[in-house]
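Here is what each chain is made of, one letter per residue.
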Amino acid sequence: MDIKLQQVEYAYAKGTPFEKRALYNVNMHIQSGTYQAIIGHTGSGKSTILQHFNGLLKPSEGTVTIGARRIEAGKKA
């Protein structure tokens, strides 16, 4: 199944003095049957992206689509 992130943003501790934006306007499309590597420096958002793939995190903005499932910011699961 395809995985798509469209204009995904995420902030930890949103709305508090400790708010930390981790993802900014991420757009990505991973086609079914392919491999993709996510690399980067410590704190660059790799784990945050992966946590969106398995539903542990919900985007602050944007949409995550995995196959027929769609997770949108601001909507209940």
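Cut-offs and rules
Residues numbered from 1 in each chain as written. Predicted model: local features only at pLDDT ≥ 70, side-chain atom pairs only at ≥ 80, totals over all residues. Heavy atoms only, no water. pLDDT = per-residue confidence, 0-100. Helix = DSSP H or I, 4+ residues; strand = E, 2+ residues; numbered from the N terminus. Core = buried A, V, L, I, M, F, W, Y, C linked by side-chain atoms within 4.5 Å. Buried < 20%, exposed > 50% of the residue type's maximum accessible area, 1.4 Å probe, protein only. Contact = heavy atoms within 4.5 Å. Arc of directions from axis to C-beta. Pairing = 2+ DSSP bridges. Axes fitted to C-alpha atoms, helices over the stretch in contact; angles between N-to-C directions. Salt bridge = Lys/Arg side-chain N within 4 Å of Asp/Glu carboxyl O. Phe/Tyr/Trp six-rings, centres within 6.5 Å; stacked < 30°, edge-to-face > 60°.

Engineer: So what's going on with the confidence of the model for the chain? Residues and values would help.
Structural biologist: Averaged over every residue, the pLDDT of the chain is 92; the share at 70 or more is 96%. Here strand β4 (residues 69–72) stands out as the element of the chain with the lowest mean pLDDT, 92, in contrast to strand β1 (residues 3–12), whose mean of 96 is the highest.

Engineer: Which residues make up the nonpolar core, and what values go with them?
Structural biologist: Nonpolar side chains tend to gather and get buried jointly when the protein is soluble and globular. Core analysis: the largest hydrophobic core is formed by 12 residues, namely I3, L5, V8, Y10, L23, V26, I30, I49, F53, L57, V64 and I66. Secondary-structure elements contributing two or more residues to this core are β1, β2 (20–30), α1 (46–53) and β3 (61–66). If near-sequence neighbours (up to four positions away) are discounted, Y10 is found in contact with K20, R21, A22, L23, T48, H52, L57, K58, P59 and S60.

Engineer: Could you give an account of α1, with specific residues and numbers?
Structural biologist: Looking at α1, one finds that the buried residues are T48, I49, H52 and F53. On an axial view of α1, the arc spanned by its buried residues comes to 150°, and they lie on one face. In the core, the buried residues of α1 are packed alongside β1, β2 and β3.

Engineer: Break down the sheet that holds β4 for me, with residues and values.
Structural biologist: On the basis of which strands lie adjacent, the open sheet formed by 4 strands has the order β2-β1-β3-β4 and antiparallel pairing. Only two strands of the sheet have a single partner each, and these edge strands are β2 and β4. Adjacent strand axes in the sheet meet at a mean angle of 20° when their direction is disregarded.

Engineer: An account of the pattern of salt bridges is needed here, citing residue identities and associated values.
Structural biologist: Taken as a whole and judged by the stated rule, the model has 2 salt bridges. The partner of R21 in a salt bridge is E9, with the nearest N and O atoms 3.2 Å apart. Note that R21 is positioned in strand β2 and E9 in strand β1, a separation of 12 residues in sequence. The class of R21 is partly exposed, set by a relative accessible area of 36%. Residue R70 is joined to E72 by a salt bridge in which the shortest nitrogen-to-oxygen separation is 3.1 Å.

Engineer: So what about the packing of aromatic side chains? Which residues, and what values?
Structural biologist: Scanning the model with the defined rule gives 1 aromatic pair in all. Ring centres of Y10 and Y12 lie 4.9 Å apart, and the angle between their planes is 85°; on these two criteria the pair is classed as edge-to-face. Y10 sits in the buried class, given a relative accessible area of 13%.

Engineer: Give me the lowdown on the side chain of T65, citing residues and values where you can.
Structural biologist: Here T65 lies in strand β3. With residues up to four places along the chain from it excluded, the contact list for T65 reads D2, I3, K4, Q6 and R70.

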